Amino acid sequence: IARAETRVTRRLVRYWIFLSLAYLITIITYVNLSVVHGLYSSYSATIGVITPRFLLSAVGLRYSLIFLVGTIFLAFDVRASDARERMVEVLDSRPYSNLELVAGRFLGIFLPSWIPIVILAILLQIIGIILRGFGSPVGETIEIVSLFSFVCTMAVPALSFVIAMVFFVTLLVRNRLAAAVILLVLMGLSYWAIFGLP
């Protein structure tokens, strides 16, 4: 089930749109902050604080915000896509439990969402190594604990929570548009709570 769901997810145009947008904004943010640090940190201690070595909090937040919104649109029509592609009867005739179905669907959406984060982390490290290798004042490798924290302790729970929330809301609300609006409001409220509450 997970393998089939992964294949379906990777074929969706919206998956590639959100992934491309998240990568583009993340890399632009990383390069922009690296350039600002490399060129102007000797003039200001405040600018010196935004060293590329510790930028993953700012860069990772932008990536996760974009792709978590994308995850809503990947997971919100799982059952509707089965009906649309006439797979409901086939799936319902297979001898598997509800837990196996939900876990397979969860993994089928989670893995294509998480693996690009690992690739992005490696890509940012490679960019930092190449820039350092050329003696550029711009760019630096990212601190390894920060990188690991982004890839594992930040991304895994965030993706898991959003996918589970999408599954829950779409089971309660049968209308896909209403479910998407509710999920976007819940996502906005959670981000507001993170940054707005003491």
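See the structure above.
Notes on the structure follow. (Residues numbered from 1 in each chain as written. Predicted model: local features only at pLDDT ≥ 70, side-chain atom pairs only at ≥ 80, totals over all residues. Heavy atoms only, no water.)

## As for the packing of aromatic side chains
Where we set the bar: Two rings from Phe, Tyr or Trp (for Trp, the six-membered ring) form a pair when their centres are within 6.5 Å of each other. A pair whose planes differ by under 30 degrees is stacked, one over 60 is edge-to-face, and the rest are tilted. Helix numbers and strand numbers start at the N terminus; a helix is a DSSP run of H or I with at least 4 residues, a strand a run of E with at least 2. Burial classification: accessible surface area is computed with a 1.4 Å probe over protein chains only, and a residue below 20% of its type maximum counts as buried, one above 50% as exposed, and the rest as partly exposed.
Using the criterion set out here, one finds eight aromatic pairs in the structure. Ring plane angle 80° and centroid distance 6.2 Å describe the contact between Tyr15 and Phe67, whose orientation is recorded as edge-to-face. Remark: Phe67 occurs in helix H4 (residues 56-75) and Tyr15 occurs in helix H2 (residues 13-40); sequence separation between them is 52 residues. Judged by its relative accessible area of 4%, Tyr15 is buried. Between Phe18 and Phe73, the aromatic rings sit 6.0 Å apart at their centres with planes inclined by 5°, giving stacked as the arrangement. Taken together, the residues span a long stretch of sequence, with Phe18 in helix H2 and Phe73 in helix H4 at a distance of 55 residues. Three or more aromatic residues joined by ring pairs make a cluster, and in this case those are Tyr15, Trp16, Tyr23, Tyr63, Phe67 and Phe150.

## Considerations on the pattern of salt bridges
The cut-off we apply is this: Put simply, a salt bridge is a Lys or Arg side-chain nitrogen that is within 4 Å of an Asp or Glu carboxyl oxygen.
Under the criterion given, the structure shown has one salt bridge. Its salt-bridge partner being Glu5, residue Arg105 comes within 2.9 Å of it at the nearest N-O pair. Here Glu5 lies in helix H1 (residues 2-11) and Arg105 lies in helix H7 (residues 98-133), a separation of 100 residues in the sequence. Of the two residues, Arg105 and Glu5, neither departs from the other in class, the shared state being buried.

## Structural notes on the side chain of Ser64
What counts is decided by this rule: Whether two residues are in contact is decided by their heavy atoms, any of which lying within 4.5 Å being enough.
Relative to the helices and strands, Ser64 resides in helix H4. Sequence-distant contacts of Ser64, that is, excluding residues within four places in its chain, are made with Met154 and Tyr191.

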